Every structure is written in C-alpha cells, then in structure tokens.
Amino acid sequence: MAKIDDNFRISLNIKWLGQIIVGVTLIVLGYLRIENRIAELERRVELADSNIEELIDKHMVKEQKERAEMEERISFFEKELNLNPFSWKKKRNDF
C-alpha cells in the first residue's frame, strides 16, 4: 500500500491549469448571464402585470358605465312599454 508522506506533490500541467481557469471563467459568466436574464424577465413580468391591472380597471369602469346605461334603457322600456294586460286599465301618473 502506498503511503502519502510529507514530500507528496501534485503536479499540474500549465495547459491543464489554463483550461481549468478558462472553464471556471466560462461557467461563472454563464451563471451571471442566466441571472441577468432571469432578473430582466422578472422585471418584464412585473411590468406586464401592472399593465394588465390598468387595463382591467379601465374595462371595469367601462363595463359599469355600460351597465348603468342599459339599466336606464331597461327602466325606460319597463315604464313606457307595459306588456302586462291586467295593468292596461290603470292610469299612469306622468309628471
């Protein structure tokens, strides 16, 4: 069995050392690029969410106005067009 003593050395070839440095650099740059892309996508999602919320608010206000107008029309037609034959004999009070 081989024993490791105080004179044990690890020898690295300069070519291997250069390749290790380049590899680690590429891995770190790739990681940073992915992190930046994720941050940009998160920012875009937040911007899209705020735009969607604004559009929903606009459409809700518009829908409420349309409903109010429709209710006015329906109430007008209910008053003017009385289709109940039993109430035809009743007098209408128009002021």
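Model, not experiment: these values are computed from the prediction. Per chain, residues are indexed from 1 in the order of the written sequence. Reporting in this predicted model follows two pLDDT cut-offs: at least 70 for local features of residues, and 80 or more for side-chain atom pairs to be given and counted; totals over whole chains, interfaces and linings ignore these cut-offs and use all residues. Hydrogens and water molecules were not included; the side-chain quantities draw on all heavy atoms of the structure.

## Quick notes on a nonpolar patch on the surface
Exposure above 30% relative accessible area and the lack of any salt bridge qualify a residue for a patch; like charges then connect within 9 Å, and the nonpolar side chains Val, Leu, Ile, Met, Phe, Trp and Tyr within 5 Å. Per-residue and other accessible areas follow the Shrake-Rupley method at a 1.4 Å probe size, with only the shown protein chains counted as cover for residues. Here, a salt bridge means any Lys or Arg side-chain nitrogen found within 4 Å of an Asp or Glu carboxyl oxygen. On the surface, a nonpolar cluster with roughly 570 Å² of combined accessible area is contributed by Ile20, Val24, Val28, Leu29, Tyr31 and Leu32. A run of H or I in DSSP counts as a helix once it spans at least four residues, and a run of E counts as a strand once it spans at least two, with each numbered from the N terminus. Along the chain, Val24 falls in helix α1 (residues 14-80).

## Details of the pattern of salt bridges
Pairing is possible between side chains of opposite charge, provided their charged atoms come close. Inspection of the entire model under this criterion finds 3 salt bridges. Here Glu40 ties to Arg44 by a salt bridge, and the two come within 3.4 Å at their closest N and O atoms. Placement of both Glu40 and Arg44 in helix α1 is noted, with a separation of 4 residues, approximately one turn of the helix. Between Arg67 and Glu63 there is a salt bridge, with its nearest N and O atoms 2.9 Å apart. Of the two residues, Arg67 and Glu63 both sit in helix α1, 4 residues apart, roughly one turn of that helix.

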